[in-house]
Amino acid sequence: MVHIKKEQLEFLNWEFGVFFHFGIRTFNEGHKDWDMKPMELESFDPTDLDCEEWISTIHEAGAKYAVLVCKHHDGFANWPSEYTEYSVKNTPWKDGKGDVVREFVDACRKYDLKIGIYYSPAQFGSAKMNSKEYDDYFINQIKELLLNYGKIDYIWFDACGSEGHKYDTVRIVGEIRKCQPEILIFNMWDPDTRWIGNEHGVSDYPNKLCVDAIDFSINTDKKDLLEEMKFLPGECDCRMRLANWFFSENDVHTVKTLDELMGLYYYSVGRGANLLINIGPDRRGKLPEEDKKALLEFGAKIKEYFSDFIPSKKIASDKKLILQAGWGLVNHVVLSEEIDGENEIESFEIKAHVDGGAPITVYRGTTIGHKAICQFPPIFTFKLEISFDKNKNVSGEMKYIKMFS
């Protein structure tokens, strides 16, 4: 049986989170990853940083967790790190007394959101240090983040730029686990969650929870082979805007529509993965109004559309589940499988009972895992019968568009 941590199961229950790319690049329009162009410390000066606005907004939208870029590839530290001069401590913002990480984690705790921190292992200029020096620098900064801000739930390592680089991974992971024993690590070295393999917010199908290889970086198709099969829930990250992770004045017209956001929800959460949507706070230090509006509309639609479901009468344990609640038009079923680290369901079929005839197939699927959202054209029925290829405990609920007495 594959080992499962309780924190990994909790991660699946988070379902929907928001990524915040904010840093010195926010104030330097036009920079790209690894362009190596200098960005002066004097440029970082948000006029009205408001992390509470960020977190209260995403809380209202229904997000359960947030991830802040603490250090991107440029090396700029969003906290007053002792191990680099390239940080908030040497900027005009708050006369060098500010700490974006502190304001972020305090806001998350106020609104009871899980706290994630992003850290790019590779950065501009790292080639000038030998491996031991760079590992020391890496570990020292990570320890600042993990020891000075209370409980951190999630650490998000971005592999971009680390292709081919050798880290002392045993030492790095050991220090992380020592500092925060319950932390979840994203995708690298000793992962608890995995990157879905693209930056478009969509999971392929089937989407298994137990895997023996993981995608590494957007810059390579090569996968990291694991020593054994591991339980690794997937996460789908994407941008609210078309091309930029950090704020830009030139792409507001690319903010995703409600239809597109709902599509991402079906292709991520609906396929048993988490969805992590990025918003780049602007140069005030606030959420751009267009992105904020889109996120709130998205959250409201999820709440509206996935309420009033009718649950199953029983838990299936004989390869079959019956959903029944009188005549009506049905167009959704949501299923959830008991997660035990073995014998994942690999196929299922939903049949609708119609008056005076044999039940007809309305949906065929593969994996279920934490959640499978099954959408099909509305059908007039009083009972749905769902069969599975494995003898597993499965719960389900169905959505009536309209009920008839």
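From a predicted model like this one, the values you see are computed outputs, not experimental measurements.

K.L.:
Which residues make up helix 1 (residues 6-14), and what values do they have?
P.N.:
Regarding helix 1, the residues found buried are Glu7, Gln8, Phe11, Leu12 and Trp14. One face of helix 1 carries all of its buried residues, which in axial projection span an arc of 150°. Immediately beyond the C-terminal end of helix 1, within one or two residues, lies Glu15, with a positive phi of roughly 65°.

K.L.:
So, the packing of aromatic side chains: which residues are in play, and what are the values?
P.N.:
Using the criterion set out here, one finds 39 aromatic pairs in the structure. When the centroid spacing of 5.6 Å and the interplanar angle of 70° are considered together, the rings of Phe22 and Trp54 count as edge-to-face. Within this pair, whereas Phe22 is found in the loop between strand 1 (16-20) and helix 2 (51-60), its partner Trp54 is found in helix 2, the two being separated by 32 residues in sequence. A relative accessible area of 1% means that Phe22 is categorised as buried. On the basis of relative accessible area, Trp54 is assigned to the buried category, the value being 0%. Residues Tyr134 and Tyr137 carry aromatic rings whose centres are separated by 5.6 Å and whose planes lie at 45° to one another, so their mutual orientation is tilted. Placement of the pair is Tyr134 and Tyr137 together in helix 4 (residues 131-147), with a separation of three residues, close to one helical turn. Accessibility expressed as a relative area gives 8% for Tyr137, which makes it buried. Members of the aromatic cluster, connected to one another through ring pairs, are Phe11, Trp14, Phe19, Tyr65, Tyr118, Tyr154, Trp156, Phe186 and Trp245. Cation over ring: Lys399 sits above Tyr305, and NZ or CZ is 6.0 Å from the ring centre.

K.L.:
Can you break down the pairing of strand 15 (residues 372-388) residue by residue, with the values?
P.N.:
For strand 12 (residues 320-337) and strand 15, the ladder comprises twelve bridges, and the chain directions are antiparallel. Each residue of the ladder has a partner; that of Gln324, found in strand 15, is Lys383. Sheet analysis places strand 13 (residues 348-353) next to strand 15, joined by six bridges and oriented antiparallel. Paired with Ile350 across the two strands is Ile386, which belongs to strand 15.

K.L.:
Lay out the sheet that holds strand 1 with the relevant residues and their values.
P.N.:
The strand order across the open sheet formed by eight strands is 5-4-3-2-1-10-9-6, and the pairing between neighbours is parallel. Each of the sheet's edge strands pairs with one partner strand only, and the pair in question is strand 5 (184-186) and strand 6 (194-195). In terms of strand pairing, strand 9 (residues 234-239) meets strand 10 (residues 274-279) through five bridges, oriented parallel. Its bridge partner being in strand 10, Asp237 is matched across the sheet by Leu276. Across the sheet, helix 3 (residues 100-110) lies against strand 1, strand 2 (65-71) and strand 3 (114-119), angled at about 175° from strand 2, the strand it touches most. Set on the sheet, helix 7 (residues 289-305) makes contact with strand 1 and strand 10; between it and strand 10 the angle comes to about 160°.

K.L.:
So what's going on with the environment of Pro80? Residues and values would help.
P.N.:
With respect to the secondary-structure elements, Pro80 resides in the loop between strand 2 and helix 3. Among the residues examined, Pro80 registers a relative accessible area of 34% and is labelled partly exposed. Each C-alpha atom of the pair Pro80 and Leu323 lies 56 Å from the other, and the pair is 243 residues apart in sequence. Pro80 has contacts with Ser87, Val88, Lys89, Gly98, Asp99 and Tyr149, leaving out every residue within four places of it along the chain.

K.L.:
Talk me through the pattern of salt bridges; I want residue IDs and the actual numbers.
P.N.:
Within this structure, the stated rule accounts for 32 salt bridges. The salt bridge partner of Lys143 is Glu175, with a shortest N-O separation of 3.8 Å. Residue Lys143 is found in helix 4, and its partner Glu175 is found in helix 5 (residues 169-179); the two are separated by 32 residues along the sequence. With its nearest N and O atoms 2.9 Å apart, the salt bridge here joins Lys151 to Asp153. By relative accessible area, Lys151 is classed as partly exposed at 40%.

K.L.:
Go over unusual backbone geometry, please, and point to the residues and values.
P.N.:
That bond from Tyr205 to Pro206 is cis: its omega, 5°, falls within 30 degrees of zero. The residue Pro206 is located in the loop between strand 6 and strand 7 (210-217) in this model. Unlike most non-glycine residues, Met36 shows phi in positive territory, near 65°. One can find Met36 in the loop between strand 1 and helix 2. The phi angle at Asp112 is positive, at roughly 60°, despite the residue not being glycine.

K.L.:
Could you give an account of helix 4, with specific residues and numbers?
P.N.:
An ideal rise of 1.5 Å per residue puts 24 Å on 17 residues; helix 4 measures up with 24 Å between its terminal C-alpha atoms. For helix 4, the complete set of buried residues consists of Tyr134, Asp135, Tyr137, Phe138, Ile139, Gln141, Ile142, Glu144, Leu145 and Leu146. In this fold, the buried residues of helix 4 make contact with strand 2, helix 3, strand 3, strand 4 (154-157) and helix 5.

K.L.:
Go over empty space enclosed by the protein, please, and point to the residues and values.
P.N.:
Counting across every chain of the model gives five cavities of 30 Å³ or more. Approximately 110 Å³ is the volume attributed to the largest cavity. Asp158, Ala159, Trp195, Phe216 and Ser217 are, among the 14 residues lining the largest cavity, the residues nearest its centre. Of all the elements in the fold, those that place two or more residues in the lining of the largest cavity are strand 4 and strand 7.

Definitions and limits used
- Residues numbered from 1 in each chain as written.
- Predicted model: local features only at pLDDT ≥ 70, side-chain atom pairs only at ≥ 80, totals over all residues.
- Heavy atoms only, no water.
- Buried < 20%, exposed > 50% of the residue type's maximum accessible area, 1.4 Å probe, protein only.
- Helix = DSSP H or I, 4+ residues; strand = E, 2+ residues; numbered from the N terminus.
- Arc of directions from axis to C-beta.
- Phe/Tyr/Trp six-rings, centres within 6.5 Å; stacked < 30°, edge-to-face > 60°.
- Lys NZ or Arg CZ within 6 Å of the ring centre and 35° of its normal.
- Pairing = 2+ DSSP bridges.
- Contact = heavy atoms within 4.5 Å.
- Axes fitted to C-alpha atoms, helices over the stretch in contact; angles between N-to-C directions.
- Salt bridge = Lys/Arg side-chain N within 4 Å of Asp/Glu carboxyl O.
- Expected span 1.5 Å × (residues − 1).
- 1 Å grid on protein atoms, 1.4 Å probe; cavity = no way out; pocket = protein on both sides within 12 Å on 5 of 7 lines; lining within 4 Å.
- Points joined across faces, edges and corners; volume = space filled by probe spheres on them.

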